[in-house]
Amino acid sequence: MKNHIPAFRSKLTPCLLVLAPILMISPCAEAAVQITDTPAGGLYFDASSGTRTFSVNTMFIVTEATIEIDFEKFGTQQLGVNDGSTPFYNEIVFTLTSPGFTTVSLIAGESFEPGGGGFRGVIKFDQAALNVVNVNPASPSAGTFRPSGAGALTDFVGEQAFGNWSLFIQDTESADHLGYYSATLTLNPVPEPTGLALLSLGVGSLLLRRSRRTVA
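So, a few notes on the structure that sits alongside this text. Along each chain, residues carry numbers from 1 onward, in the same order as the chain's sequence is written. Only residues with pLDDT of at least 70 get local features here, since the model is predicted, and only at 80 or more are side-chain atom pairs given and counted; chain-wide, interface and lining totals rely on the full set of residues. Side-chain calculation: all heavy atoms of the structure are included, whereas hydrogens and water are not.

1. A closer look at the overall build of the chain
Only DSSP runs of H or I covering at least 4 residues are called helices, and only runs of E covering at least 2 are called strands; the numbering of each starts at the N terminus. Within the chain, the regular secondary structure consists of one helix and 13 strands. For the chain, the α and β elements follow one another from N to C terminus as β-β-β-β-β-β-β-β-β-β-β-β-β-α. Of all 216 residues assigned to the chain, the portion counted as buried reaches 41%. Contact between two residues is taken to exist if any of their heavy atoms lie within 4.5 Å; hydrogens are not considered. Within the chain, contacts between residues separated by at least 24 positions form 73% of all contacts whose residues are at least 6 apart in sequence. When the accessible surface of the chain is split by element, carbon and sulfur atoms take 57% of a total near 10600 Å². Type-normalised accessible area, obtained with a 1.4 Å probe on protein chains alone, sets the label of each residue: buried when under 20%, exposed when over 50%, and partly exposed for intermediate values. For every accessible area listed, the method is Shrake-Rupley and the probe measures 1.4 Å; residues are considered covered only by the protein chains on display.

So, in structure tokens, the structure goes:
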């Protein structure tokens, strides 16, 4: 399956930068950057895998990373169809990889039992969540959870956000599919100093240098 690069959305504001007497204007991240991937009609996985690519074109350091995934796991071979048969939740695999090649297992294979009834919902992966995603091994639940498997979302803290983030999706066995509908990656940047604070810093630095010349 070909990689897909969803639309990038970020909120930028002009940042006032003062270097000595030089005034500079540059864009900087004001709030969390979110990229949403919504393939038309959803994607079908059955003993198959694929990668979705989230492209970030703003440079900033990550202080927090979360991702929401809308998916289903049914015991059928048709997207959107649930006949109530065994969905085999143990076949679900999701991993997130940063541009710096740090990989976190969101749902590792065999995190769940085969289960029953089927699942369709949105799970948000957040390292600050109270419970691990497989807190109930018999079935996934919609809501906010910590990842299962290797790594933690805090592993992305301190990394450069710029570049391609990859969501790997896999259904490990045949005859009971995993359906993928959308995902939203949210990255929080290091807070930027305000333009007024930078202006004060620059002016203060300039006055201090003048004061030292006068004393000398």
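From this point on, the discussion continues.
2. Details of the pattern of salt bridges
For salt bridges, the criterion is a side-chain nitrogen of Lys or Arg within 4 Å of an Asp or Glu carboxyl oxygen. Taken as a whole and judged by the stated rule, the model has five salt bridges. A salt bridge links D37 to R52; the shortest N-O distance between them is 2.8 Å. Placement of the pair is D37 in strand β4 (residues 33-37) and R52 in strand β6 (residues 48-56), with a sequence separation of 15 residues. Note on accessibility: D37 and R52 belong to one class, buried. Between R120 and D70 there is a salt bridge whose closest N-O contact spans 2.9 Å. Of this pair, R120 sits in strand β10 (residues 119-125) while D70 sits in strand β7 (residues 62-73), and the two are 50 residues apart along the sequence. Judged by relative accessible area, which is 44%, R120 ranks as partly exposed. The exposure class assigned to D70 is buried, which follows from its relative accessible area of 15%. Several salt bridges share partner residues, and in doing so they unite K73, E91, D171 and D176 into one network.

3. A short note on the sheet that holds strand β9 (residues 103-107)
Backbone hydrogen bonds are what pair the strands of a sheet, in a parallel or an antiparallel way. Criterion used throughout: strands pair if DSSP finds at least two bridges between them. As summarised here, the arrangement of the four strands in space is β6-β12-β8-β9, forming an open sheet in which the pairing is antiparallel. Each having just a single partner strand, β6 and β9 make up the two edges of the open sheet. The mean angle between the axes of side-by-side strands here comes to 20°, regardless of whether they run parallel or antiparallel. As paired strands, β6 and strand β12 (residues 163-171) are joined by nine bridges and run antiparallel to one another. Each residue of the ladder has a partner; that of S49, found in β12, is Q170. Only the stretch in contact is used when a helix axis is fitted, and all axes are lines through C-alpha atoms; the angle between N-to-C directions ranges over 0 to 180 degrees.

4. Brief notes about the pairing of β12
Relative to β12, strand β8 (residues 92-97) is paired through six bridges, and the arrangement is antiparallel. Note on β12: the bridge partner recorded for T97 is S166.

5. A closer look at the environment of S85
Along the polypeptide, S85 turns up in the loop between β7 and β8. A relative accessible area of 26% places S85 in the partly exposed class. Separated by 30 residues in sequence, S85 and G115 place their C-alpha atoms 9.3 Å apart. If sequence neighbours within four positions are ignored, S85 has contacts with G75 and G117. Among the polar contacts listed, one links the side chain of S85 to the backbone oxygen of G75, at a separation of 2.8 Å. Pairs of N or O atoms are called polar contacts if they sit within 3.5 Å, as long as, within protein, a hydrogen donor faces a hydrogen acceptor (for residues adjacent in sequence, only side-chain-to-side-chain pairs). At 2.6 Å, the side chain of S85 forms a polar contact with the side chain of D83.

6. A word on the pairing of β9
Working note: regular strand, side chains alternate between the two faces of the sheet. Judged by how many residues are buried, β9 sits mostly within the fold: four of five residues are covered. Note that β8 and β9 share four bridges and pair antiparallel. Each residue of the ladder has a partner; that of F94, found in β9, is I107. Where β8 folds back on β9, the antiparallel hairpin that results is connected by five residues, among which F101 adopts a positive phi of roughly 70°.

7. With respect to the side chain of E72
Along the polypeptide, E72 turns up in strand β7. Positive residues here are Lys and Arg, negative ones are Asp and Glu, while His and the chain termini are left out of the count. With no salt bridge to any partner, buried E72 finds its closest opposite charge in R120, at an N-O distance of 4.3 Å. Of note is the side chain of E72, whose polar atom sits 2.7 Å from the backbone nitrogen of G80. A polar contact is formed between the side chain of E72 and the side chain of Y181, at a distance of 2.9 Å. Not counting residues up to four positions away in its chain, the partners in contact with E72 are L79, G80, F119, R120, H177, L178, G179 and Y181.

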